[in-house]
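Read off the chains here:
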Amino acid sequence: MRIVASSDWRDAIPFETPVLVADVVPGDPTRCFTCGADSEPRPRTELWAVKHRHPKNHDGFVRFYCAEHRPVVVRREAPTAAAPRAKARPRAERAPARRTPSTRDVTRAMCPNCFVEVSASGECGMCGWSE
C-alpha cells in the first residue's frame, strides 16, 4: 500500500505569510485561534490565514487570526556578497595508526562434542567434558 499526500486549499498558502481567509477558502464565519473558542465568530473577510512550519509534517499547519492577533512576519534579507573564502591548506601526510593485537584474536579451547567454547576451568558447560 502506498500512502500519498493529497492536495487541498492549504497547499496554495505560502509559509509564514498572512493571507485573507476569504481569498483562500470560502465558508461560514469562524473564530480567531488566539481569541479562543469562546469568542464570537468573525466574517472571513476580517480573518487572516497563516501557514506555519511544523517539525514533523512538511505540509505545515494553518491557523486563522484576527487583525489584532495576526503574527508579524519578519523578512530575512538575502546575503549580499559573500566574503571570499581562504584557500584550504593541503593536509600533512600521516602514517596509519599502528594496530595493536586484540585479546579477541586468541584461540579458545572448544568442546569436541558440543562445539562450544570451554570455560576457563576447562570444563564444558553443556556436556561436562573436561580437558
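Quick note: structure is the one above.
The structure contained in this document is the topic of the report that follows. (Residues numbered from 1 in each chain as written. Predicted model: local features only at pLDDT ≥ 70, side-chain atom pairs only at ≥ 80, totals over all residues. Heavy atoms only, no water.)

Quick look at the overall build of the protein
The line we're drawing: Strands here are runs of E lasting at least two residues and helices are runs of H or I lasting at least four, both read from the DSSP assignment and numbered beginning at the N terminus. Only protein chains enter the calculation, and the probe is 1.4 Å; a residue is then buried if its accessible area is under 20% of its type maximum, exposed if over 50%, and partly exposed in between. In this description, accessible areas are obtained by the Shrake-Rupley approach with a 1.4 Å probe, and a residue is regarded as covered only by the protein chains that are shown.
The secondary structure content of the protein amounts to one helix and three strands. Element order for the protein, N to C, with α for helix and β for strand: β-α-β-β. Buried residues in the protein amount to 15% of all 131 residues. By element, 51% of the accessible surface of the protein is carried by carbon and sulfur atoms, the whole surface being about 11700 Å².

A short note on unusual backbone geometry
Notably, Glu16 is not glycine yet its phi reads approximately 55 degrees, a positive angle. By the secondary structure assignment, Glu16 is in the segment before strand E1 (19-20). Positive phi, normally seen in glycine, also occurs at Phe115, with a value near 60 degrees. Here Phe115 lies in the segment after strand E3 (61-66). Of the residues examined, Phe115 reaches a relative accessible area of 63% and is grouped as exposed.

Thoughts on the side chain of His52
Stated precisely, the cut-off is as follows: In protein, a polar contact means a hydrogen-donor-capable atom and an acceptor-capable atom, both N or O and within 3.5 Å, with residues adjacent in sequence counting only if both atoms are side-chain atoms; elsewhere, any N or O pair within 3.5 Å suffices. Two residues qualify as a contact provided that any one of their heavy atoms is within 4.5 Å of a heavy atom in the partner residue.
Within the secondary structure, His52 sits in strand E2 (residues 47-52). Residue His52 is classed as buried on the basis of its relative accessible area of 14%. Engagement of the side chain of His52 in a polar contact is seen with the side chain of Glu16, the distance being 3.3 Å. Not counting the four nearest positions on each side in its chain, His52 is found in contact with Phe15, Glu16, Gly60, Phe61, Arg63, Tyr65 and Pro71.

Structural notes on the pattern of salt bridges
Charged atoms that come close allow side chains of opposite charge to pair. Inclusion rule: By convention in these notes, a salt bridge is any Lys or Arg side-chain nitrogen within 4 Å of a carboxyl oxygen on Asp or Glu.
By the definition in use, this model includes two salt bridges. In this structure, Arg10 engages Asp8 in a salt bridge whose closest nitrogen and oxygen atoms are separated by 2.4 Å. Taking the relative accessible area as the measure of exposure, Asp8 reaches 28% and is therefore partly exposed. Of the charged contacts in the structure, one is a salt bridge between Arg42 and Glu68, with a shortest N-O distance of 3.5 Å. Note that Arg42 is positioned in the loop between helix H1 (21-24) and E2 and Glu68 in the segment after E3, a separation of 26 residues in sequence. Of the residues examined, Arg42 reaches a relative accessible area of 24% and is grouped as partly exposed.

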